[in-house]
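These are the residues of each chain, in order.
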Amino acid sequence: MKNEIRNERKLENRDFSTEDNKHFEGAMTQGNGYMNLRASFEEDLDGEEQGERYWRLPANVTLEKIRNPVSKWGLYVPGIYGKHPILGEELVNLPYLPGINLYCHNERFDMRLSRYSGYERSLDMRNGILRRSLTWETLAGPLEVCWERYLSMAEKHCLFQRITFCAREDMELTVENFLDGGVTTNGYDHIESFEGICGGGLEMYLTLDSGQQVGMKSVCRVPGEAKAVYKRHGRRIAETFRLDLKNQEEAVVEKAGIVVTDADEAEEPGDLKGRIQDLVRGLRDPDSDLSEHCRIWEQLWRQSDVEIDGDDSLQFHLRFSIYHLLRIANDSSRVAVDAKGYAGEAYFGHYFWDTEIYLLPFYIYTCPEQAKRLVSFRYHTLDGARRNAKSYGYRGARYPWEACVSGEEQCSNWQYADLEIHVTADVIYGLCKYCELTGDEEFLRREGLEMLLETARYWASRAEKRKGGWHLTGVMGPDEYLPFTADNAYTNYMVSDSLCRTLEVLEGADEETRAAFGVTPEECMLFDEIRRNLYIPYDRERKFIWQSADFAHFEDIDFDKVWTDRSRPFGNCISQERNYRCKALKQADTVALMYLFRERFSREIKKNCIAYYEDITTHDSSLSYIVHSLVYGDLGDKKASYDYAVKSMRLDWEDQGAAEGIHIANAGGLWQGGVCGFGGLLGVDESGRPLVRPQLPEHIVRIRYPVSLKGKKYQVCVEKDHIQIKECEED
Ligand code: BGC
């Protein structure tokens, strides 16, 4: 099934179907930096139980079978986590805030059961407004209904909703506003105590099993004198209003929903009830909130939009990616971005290397303040990383494969948790890129130095010295289909680079700082020795890098015999035992290294590596395609580069892959494909300006993009034979 693209700035859906509804809920998720809301309908959907309890086990997410196949409500505030006995800290799905049921006489409106025509649902990517309209053929006559809602960028704690009715007969309509706390997260109930208050709107206070507290309120404005009638059922509280609709007259119901938590870095400290009251009192009139909301979105787009002339599909998919990258840009540096972009519950709201390698470049170049928050998140969780290192018996700090608010390891699959150690070096790679491209030297010399030093200490105690060389054994590289390898080239190269950075920054540090961190000359010598001698499995004769020193020993596999159904991931067609001992890659590994250090590897090595690994890479991970596109671009193979970008574009929208959330790393990757690949943005040149070497595919006439670099803003415009880089005034 494929989605159509009709408008490059809108996501549209014109047929309701139980087959793809869940995908649209994920793809049209809204967000404002404080909270995120899946695009589920306001009303209940027949048969879609939202409080089902079960154990979603930490299987390989790529391969698992999914529950709640038609609809999954989701309201997520990053940083609000529950304690799960197996999954550790899990992002909590909060009570359903936008709930509104409609009844005409005794008939409840339901997308599955009711008769209606002219259905249309759309999300305007320019401002995050979700709209649905249709004509409900009630027993009393046709009723036109239009639902609109947005998470306000102006008042981050608020959801604003409006429903407009136009009846084609006089009729009586009952509007039921509800808040539903009967929801679970991945089948788990994290709510320990619950208080529901009806009167002057609906209010709900929760304490989660993490001890965190959440308060929610909704207030409705309805036409006329309608009085609220309150109802309770379990953890659902509701208020109903009876409206008399007149033939051809428009009637409007407005609702404001508010969320606060005790983890908010609250501007106004105080108890949750008091803060909610203040927010209700301070609510602006809807029109003025809306215009401020739109103004903020406009500004966000101005600093990040990429314009493509000559390829509508690339244009649409880049905007789709940018929309989601903007919506999830958190206001807090106590959280990062989870693998599903806060649009679903797969991966339990955890953070991966995706943050540094796939997302950070977008924020560094378009919104350095947000990049700083992401880098600072790793600084705030350094203590957690220290505890991790200690728990494994090492010194220093070891960032977790799956992180959450505490910075401690959250991954319950030992293979990834224990062996996928490259994430610690990836964090440092991201830190250094941030500091280099923004010019934030102060951060590098203070927080950065502590991160560098502590991770270097981890590497020094994790690496082993043998026969004059240094080695990292028992490692899983980014290619997760080979768990227990020796000297993974990606990992070792990244570690060596990160030790090199540590030494550089230490060199620039004064004696006092070195003493404060307990740095000794012997320690520096050790870092230097490891950095120089960490083994990279380089085959000089073939000008080729092995994925790991022992890679050649793994079994060759006949893909055609094993992977007989190419519509399923390769990993579904083979036992894990066999997968773990054969040369079949889940995703780009050594090839990723060729991109991350694109200036350091010769054309020949890149060519040899991609030629060899491409044939044995399954791309079972969504992170894989775009890296191939970028490396092919560097090699000047425009066709292959574009073909891979097309595969990356399709994942979420066209191939309807967003049911469990957005592949947000791929969204960040696609932006890199468009800007750092086709648009040629390599980094910073000697004079501090953008270094641009375009790789425009033949059919693309022009790419225009903004760049923020070392405190200055530029507009880059790339055409076939022309590059223009213009410095812009601050706005
Ligand atoms: C990929 C990892 C990635 C994770 C979260 C996995 O399937 O193999 O590289 O970090 O998904 O996106």
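Here, every reference points to the structure presented above.
Here the structure is a predicted model, which means the values were calculated and not measured.

Draft legend 1. Spatial organisation of the nonpolar core. Counting 170 residues, the largest nonpolar core has Val306, Trp353, Tyr363, Phe570, Tyr613, Trp671 and Tyr705 as its most contacted members. Once residues lying within four places of it in the same chain are set aside, the contact partners of Val306 are Gln315, Leu318, Arg319, Ile322, Trp671, Val675, Ile703, Arg704 and Tyr705. One finds Cys104, Tyr119, Leu143 and Trp147 within the second-largest nonpolar core, a separate group that totals 27 residues.

Draft legend 2. Expanded view of the pattern of salt bridges. As enumerated under the stated definition, the model contains 67 salt bridges in all. Residue Arg284 pairs with Asp289 through a salt bridge whose shortest N-O separation is 4.0 Å. Glu292 is the partner of Arg295 in a salt bridge, and the nearest nitrogen-oxygen pair spans 3.0 Å. Separated by three residues within a single helix, Arg295 and Glu292 lie in helix α3 (residues 286–302), roughly one turn from each other. Taking relative accessible area as the criterion, Glu292 reaches 23% and is therefore assigned partly exposed. Via salt bridges that share partners, Asp383, Arg386, Arg395, Glu450, Glu454, Arg457 and Glu523 belong to a single interconnected network.

Draft legend 3. Looking closely at the environment of Val280. By the secondary structure assignment, Val280 is in helix α2 (residues 272–281). Linking Val280 and Lys217, residues 63 residues apart in sequence, is a C-alpha distance of 8.7 Å. Ignoring sequence-local partners within four residues, the contact set of Val280 consists of Lys217 and Ile258.

Draft legend 4. Summary view of the packing of helix α18 (residues 625–634) against helix α20 (residues 664–678). One can describe the packing of α18 onto α20 by two numbers: an axis separation of 9 Å at closest approach and a directional angle of 5°. Between α18 and α20, the angle is such that the two are roughly parallel. On α20, the residues touching Ile626, Ser629 and Leu630 of α18 are Gly669, Leu670, Gln672, Gly673, Cys676, Gly677 and Phe678. Its residues placed into classes, the contact of α18 with α20 shows five nonpolar, five polar and no charged.

Draft legend 5. Highlighting the sheet that holds strand β20 (residues 307–309). Pairing in this open sheet of four strands is antiparallel, and the strands run β20-β27-β28-β29 from one edge to the other. At either end of the open sheet lies a strand with only one pairing partner, and these are β20 and β29 (722–728). Strand-to-strand twist in this sheet, taken as the mean axis angle between neighbours without regard to direction, amounts to 20°. Sheet analysis places strand β27 (residues 702–709) next to strand β28 (residues 712–719), joined by eight bridges and oriented antiparallel. Bridge pairing in β28 links Tyr705 to Val716.

Draft legend 6. Structural view of the sheet that holds strand β10 (residues 129–138). Here we have nine strands laid out as an open sheet, ordered β1-β9-β10-β11-β12-β19-β16-β15-β14, and antiparallel in their pairing. Strand pairing shows two members of the sheet lacking a second neighbour, β1 (10–13) and β14 (191–198), which therefore form its edges. On average, adjacent strands in this sheet sit at an angle of 15° to one another, irrespective of strand direction. Pairing analysis gives seven bridges linking strand β9 (residues 116–124) to β10, with the strands arranged antiparallel. Note on β10: the bridge partner recorded for Tyr116 is Trp136. Of the strands in this sheet, β14, β15 (202–208), β16 (213–221) and β19 (250–261) touch α2, which is tilted by about 145° from β19.

Draft legend 7. Region of the structure containing the pairing of β28. Turn length for the β27-β28 hairpin, with the two strands adjacent in sequence and antiparallel, is two residues, and the turn residue Lys710 shows positive phi of about 45°. Pairing of β28 with β29 involves seven bridges; the strand directions are antiparallel. By the bridge assignment for β29, Val718 is matched with Ile723. Counting the residues between successive antiparallel strands, the hairpin from β28 to β29 contains two residues.

Draft legend 8. Quick peek at the environment of His324. Position of His324 relative to the elements: it lies in helix α4 (residues 312–327). Residue class for His324 comes out buried when judged on its relative accessible area of 0%. For the pair His324 and Trp55, spaced 269 residues apart in sequence, the C-alpha to C-alpha distance is 29 Å. Excluding its chain neighbours within four sequence positions, the residues that come into contact with His324 are Gly26, Ala27, Thr29, Ile662 and Ile664.

Draft legend 9. Layout of α4. Relative to the 22 Å expected for 16 residues at 1.5 Å per residue, α4 spans 22 Å between its end C-alpha atoms, a close match to the ideal helical length. At the N-terminal boundary of α4, the capping side chain belongs to Asp311, with an oxygen 3.2 Å from the backbone nitrogen of Ser313.

Draft legend 10. Highlighting the side chain of Gln370. Inspection of the secondary structure assignment puts Gln370 in helix α6 (residues 368–380). The residues touching Gln370, leaving out its near neighbours within four places in the chain, are Ala329, Asn330 and Tyr363.

Draft legend 11. View of empty space enclosed by the protein. Counted by the stated rule, this structure contains seven cavities of 30 Å³ or more. In this model, the largest cavity occupies a volume close to 80 Å³. Forming the walls of the largest cavity are 14 residues, and the residues nearest its centre are Lys22, Arg56, Lys72, Glu345 and Glu660. Its residues assigned to classes, the lining of the largest cavity comprises four nonpolar, three polar and seven charged.

Draft legend 12. Representation of the site of the ligand. Surrounding the ligand, one finds 12 residues, the nearest of these being Tyr347, Asp354, Glu480, Lys586 and Gln587. In this structure, Trp353 approaches the ligand through a side-chain N or O atom, which is 2.9 Å from an oxygen atom. Glu480 is positioned such that a nitrogen or oxygen atom in its side chain is 2.7 Å from an oxygen atom of the ligand. Bound to the protein, the ligand loses 94% of the 310 Å² it would expose on its own. A per-class count over the shell around the ligand returns six nonpolar, three polar and three charged.

Draft legend 13. Summary view of helix α5 (residues 354–366). Its 13 residues give α5 an end-to-end C-alpha distance of 18 Å, which sits within 8% of 18 Å, the value for a rise of 1.5 Å per residue. The principal kink in α5, of about 50°, is found at Leu360, preceding the proline Pro361 by one to four residues. Burial of α5 is extensive: 13 of the 13 residues sit out of reach of the surface.

Thresholds, definitions, all that
- Residues numbered from 1 in each chain as written.
- Predicted model: local features only at pLDDT ≥ 70, side-chain atom pairs only at ≥ 80, totals over all residues.
- Heavy atoms only, no water.
- Core = buried A, V, L, I, M, F, W, Y, C linked by side-chain atoms within 4.5 Å.
- Buried < 20%, exposed > 50% of the residue type's maximum accessible area, 1.4 Å probe, protein only.
- Contact = heavy atoms within 4.5 Å.
- Salt bridge = Lys/Arg side-chain N within 4 Å of Asp/Glu carboxyl O.
- Helix = DSSP H or I, 4+ residues; strand = E, 2+ residues; numbered from the N terminus.
- Axes fitted to C-alpha atoms, helices over the stretch in contact; angles between N-to-C directions.
- Parallel < 35°, antiparallel > 145°, perpendicular 65-115°, else oblique.
- Nonpolar A, V, L, I, M, F, W, Y, C, P; charged D, E, K, R; others polar.
- Pairing = 2+ DSSP bridges.
- Expected span 1.5 Å × (residues − 1).
- Polar contact = N/O pair within 3.5 Å; in protein donor to acceptor, adjacent residues only side chain to side chain.
- 1 Å grid on protein atoms, 1.4 Å probe; cavity = no way out; pocket = protein on both sides within 12 Å on 5 of 7 lines; lining within 4 Å.
- Points joined across faces, edges and corners; volume = space filled by probe spheres on them.
- Near = heavy atom within 4 Å.
- Areas by Shrake-Rupley, 256 points an atom, 1.4 Å probe, with all protein chains shown as cover.
- Bend = angle between axes of the 7 residues up to and from the residue.

Without other data, these values stay purely geometric and don't point to any function.
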